[in-house]
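Results of the structural survey
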Amino acid sequence: MLPVVALVGRPNVGKSTLFNVLTGTRDALVADLPGLTRDRQYGYGQVGGRCIVIDTGGLVESPTGIETLMLKQTMKAIEEADVVVFVVDVRSGVTPTDEFVAAGLRRSGKPIVLAANKAEGRDPDMAAADFHGLGLGQPIAISAAHRSGVAGLMEHVLEGRVAVLSVEPETDVEVADDGFSETEGGDAADDAAPSRELAFDRARAKEPIRVAVIGRPNVGKSTLINRLVGEERVVAFDQPGTTRDTVHVPFTVQGQEYVLIDTAGVRRRARVDEGIEKFSVVKTLQAIDEAHVVLAVLDAHETVADQDASLLGLCADRGRAMVIAVNKWDGIDAGQRDHIRNQMALRLSFLDYAPVHYISAMHGSGVGLLLRSARRAFQAAMREMATPALTRVLEKALEAHQPPLVQGRRIKLRYAHQGGRNPPIIVVHGNQVEHVPDAYQRYLVNTFREAFRLDGTPVRVEFRADKNPFAGRRNELTPRQVAKRKRLIKHAKRR
């Protein structure tokens, strides 16, 4: 297994920037705003050696509200790590929060490397001098934004740790009311080991099913992901806009690998006024494109809004397989339930192929069926269909219902073959195909969907006109044909 490196520090010291440099990605959202990162983010480090890198939220001395949940996420990352990189800010110098974090890291029992970030334009020794008092060894001056000193930092971090499993520390770290505390023994390490196995072991022979969880703010997306994986993997808080970044959560159920992608809530464009939220929406759209299946979460306490229809319509246009989960179904009266069903039938009629589940992420009711539907939708989206089988289904459809006449001529559809997957694309060849009515196209889509069990995924039927292989070519006459033509012309002139 690859060594695991956790990036820890107070807010706005450049942990996410360093994460992106190490992984060569833009997975972590970066902005000059404290507290932007809230969930722990995993990635593959490629600088100075291969490793697993964990980005974490900023630590504060007296956490309240959502900061307490962020602290728990950071503590989990420290438990999973083989080595902790403590990131500090050279420009600000040593702060009381840095001293608080340093004291907590010392109690964790983990190897710690001190990275003095934002040291561009400064003498490395002078930049790191202030941080010797933290008692964590020699600080290493770097500039993540300018990619300076990062390779040397990681070579030091990974020295002697390449492809070596870590030894569990003698003490476990858990969250107390005042932040860091330690307990002797306990079950925390035992509980962390299986989740770490699921989180890091991605080198499998079979590609995992990527499921993007989308919806409006505060519909319960993060709570649902935590319920599915069985741990507090992402921050779930009763406040709209808690999730700002896309977080990939790998895990395995009954031998099938999944990657759940937690996304930020998407509101109407007119209500998106913060720059951070705009970037979050962009990353949500990227997650939709990346996913095999989209798990759309609706709130049973609200109506199905135009924003829901627009977002789900975008997923359908991009050809994503889909599962719909109506959350917070417990505790609402029969009238509201009927209202939601009517709203879905009215506004989401174009998603009649998507299975609908009525669930409670908080209590777990109905959640167990979601992954089964997602797996079936993925299998339908990736299904291979042989040309003879497709053509036979097309012939039966034509026998049951012929296409209409166009200017006295019948539209002829000859054969079909598969043109793509995810979503399934079926190419039908014939003549006058440009005149096939929309109603007949829907008839063929439903016929193919039923015949090949393509539930949960959009199906696209494309038509191609048969080309005349002799179009534009003149037939050259043989000498005998030329002589006969001359005789006929001469005979016609005599008459």
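Overview of the structure. (Residues numbered from 1 in each chain as written. Predicted model: local features only at pLDDT ≥ 70, side-chain atom pairs only at ≥ 80, totals over all residues. Heavy atoms only, no water.)

With that settled, consider the sheet that holds strand 18 (residues 425–431). Two strands in a sheet stick together by hydrogen bonds in their backbones, pointing the same way (parallel) or opposite ways (antiparallel). In spatial order, the strands read 17-18-19; together these three strands make up an open sheet with mixed pairing. Taken across any chain shown, the strands that pair with only one partner, and hence form the sheet edges, are strand 17 (412–420) and strand 19 (460–465). Pairwise comparison of adjacent strand axes, ignoring direction, gives a mean angle of 30° for this sheet. Note that strand 17 and strand 18 share seven bridges and pair antiparallel. Bridge pairing in strand 18 links H417 to V427. In the packing of helix 12 (residues 387–400) onto the sheet, the strands contacted are strand 17 and strand 18, and the crossing angle to strand 17 comes to about 140°. (Pairing = 2+ DSSP bridges. Helix = DSSP H or I, 4+ residues; strand = E, 2+ residues; numbered from the N terminus. Axes fitted to C-alpha atoms, helices over the stretch in contact; angles between N-to-C directions. Contact = heavy atoms within 4.5 Å.)

Overall, the coordinates contain 11 salt bridges when judged by the stated rule. Here D308 ties to R216 by a salt bridge, and the two come within 3.1 Å at their closest N and O atoms. Of this pair, D308 sits in helix 9 (residues 306–317) while R216 sits in the loop between strand 9 (209–214) and helix 7 (221–229), and the two are 92 residues apart along the sequence. Residue D308 is classed as buried on the basis of its relative accessible area, which comes to 4%. Note that R318 and D289 form a salt bridge whose closest N and O atoms lie 2.7 Å from each other. Taken together, the positions of R318 in the loop between helix 9 and strand 13 (321–327) and D289 in helix 8 (residues 275–290) put the pair 29 residues apart, joining distant regions of the chain. Under the relative-accessibility criterion, R318 is labelled partly exposed at 29%. Via salt bridges that share partners, R216, E302 and D308 belong to a single interconnected network. (Salt bridge = Lys/Arg side-chain N within 4 Å of Asp/Glu carboxyl O. Buried < 20%, exposed > 50% of the residue type's maximum accessible area, 1.4 Å probe, protein only.)

Glancing now at the nonpolar core. Residues I214, L312, M322, I324, M344, L348 and L351 are the most contacted members of the largest nonpolar core, which totals 30 residues. Those elements giving two or more residues to this core turn out to be strand 9, strand 11 (256–262), helix 8, strand 12 (293–299), helix 9, strand 13 and helix 10 (334–347). Top contributing element to this core by residue count: helix 9, with five residues. If we ignore the near neighbours within four places in the chain, the residues touching L312 are A296, M322, I324, L348, F350 and L351. (Core = buried A, V, L, I, M, F, W, Y, C linked by side-chain atoms within 4.5 Å.)

The end-to-end C-alpha separation of helix 9 is 16 Å, in line with the 16 Å expected for 12 residues at 1.5 Å each. Within the span of helix 9, buried status applies to Q307, D308, A309, L311, L312, G313, C315 and A316. Residue G319 follows helix 9 closely and has a positive phi angle near 80°. (Expected span 1.5 Å × (residues − 1).)

Looking now at the sheet that holds strand 13. The six strands lie next to each other as 10-11-9-12-13-14, forming an open sheet whose pairing is mixed. Across the chains shown, the open sheet's two edge strands, defined by having one partner strand only, are strand 10 (247–253) and strand 14 (356–358). Averaged over all pairs of adjacent strands, the angle between their axes in this sheet comes to 25°, without regard to strand direction. The sheet contact formed by strand 13 and strand 14 spans three bridges and is parallel. Paired with V326 across the strands is Y358, a residue of strand 14. Across the sheet, helix 7 lies against strand 9, strand 10, strand 11 and strand 12, angled at about 160° from strand 11, the strand it touches most. Contacting strand 9, strand 10, strand 11, strand 12, strand 13 and strand 14, helix 11 (residues 370–381) runs over the sheet at an angle of about 160° to strand 13.

This part takes up helix 10. The first and last C-alpha atoms of helix 10 sit 20 Å apart over 14 residues, in line with the 20 Å expected at 1.5 Å per residue. I340, Q343 and M344 are the residues of helix 10 that are buried. End-on, the buried residues of helix 10 take up no more than an arc of 100°, which puts them together on one face. Residues of helix 10 that are exposed and angled more than 90 degrees away from the buried face: A334, N342, A345 and L346. Contacts made by the buried residues of helix 10 are with strand 12, strand 13 and strand 14. Its side-chain oxygen 3.3 Å from the backbone nitrogen of G335, D333 forms the N-cap of helix 10. (Arc of directions from axis to C-beta. Polar contact = N/O pair within 3.5 Å; in protein donor to acceptor, adjacent residues only side chain to side chain.)

To continue, consider the packing of aromatic side chains. The geometry of two aromatic rings is summed up by the distance between their centres and the angle between their planes. If you walk through the whole model with that rule in mind, you get three aromatic pairs. An angle of 25° between the planes, with centres 5.8 Å apart, marks the rings of F251 and Y258 as stacked. Taking the ring centre of Y358 as reference, the NZ or CZ of R341 above it sits at 5.1 Å. (Phe/Tyr/Trp six-rings, centres within 6.5 Å; stacked < 30°, edge-to-face > 60°. Lys NZ or Arg CZ within 6 Å of the ring centre and 35° of its normal.)

Here we take up the pairing of strand 11. Across the seven residues that make up strand 11, a large majority, seven, are buried. Side-chain alternation along strand 11 places Q256, Y258, L260 and D262 on one buried face and E257, V259 and I261 on a second face that is also buried. As defined by bridge partners, strand 9 adjoins strand 11 across five bridges and the pair is classed as parallel. Residue pairing in the sheet places A212 in a bridge with I261 of strand 11. Across seven bridges, the pairing between strand 10 and strand 11 is antiparallel. Counted as the bridge partner of F251 is Y258 from strand 11. As consecutive antiparallel partners, strand 10 and strand 11 are separated by two residues, and within that stretch Q254 has a phi angle of approximately 55°, a positive value.

Turning to the pairing of strand 2 (residues 41–45), a few remarks are in order. Taking burial as the measure, the five residues of strand 2 include four buried ones, the bulk of the element. Two strands pair when backbone bridges link them, and strand 2 and strand 3 (residues 51–55) are joined in this way by five bridges, in the antiparallel orientation. If you follow G43 over to strand 3, its bridge partner there is V53. The antiparallel hairpin formed by strand 2 and strand 3 contains five residues in its connecting segment, where G48 sits at a positive phi of about 75°.

Once that is clear, we can look at the packing of helix 12 against helix 13 (residues 438–452). Helix 13 packs onto helix 12 with a crossing angle of 130° between their chain directions and a minimal axis gap of 10 Å. On the basis of the axis angle, helix 12 is oblique to helix 13. Here helix 12 runs over helix 13; the crossing is right-handed. Within the contact between the two elements, helix 12 uses A389, L390, V393, L394, A397, L398 and A400 and helix 13 uses Y440, Y443, L444, T447, F448, A451 and F452. Looking at the contact of helix 12 with helix 13 residue by residue, the class counts come to 13 nonpolar, one polar and no charged. (Parallel < 35°, antiparallel > 145°, perpendicular 65-115°, else oblique. Left-handed = near helix turned anticlockwise from the far one by under 90°. Nonpolar A, V, L, I, M, F, W, Y, C, P; charged D, E, K, R; others polar.)

Don't take any of this as a statement about function, it's just geometry.
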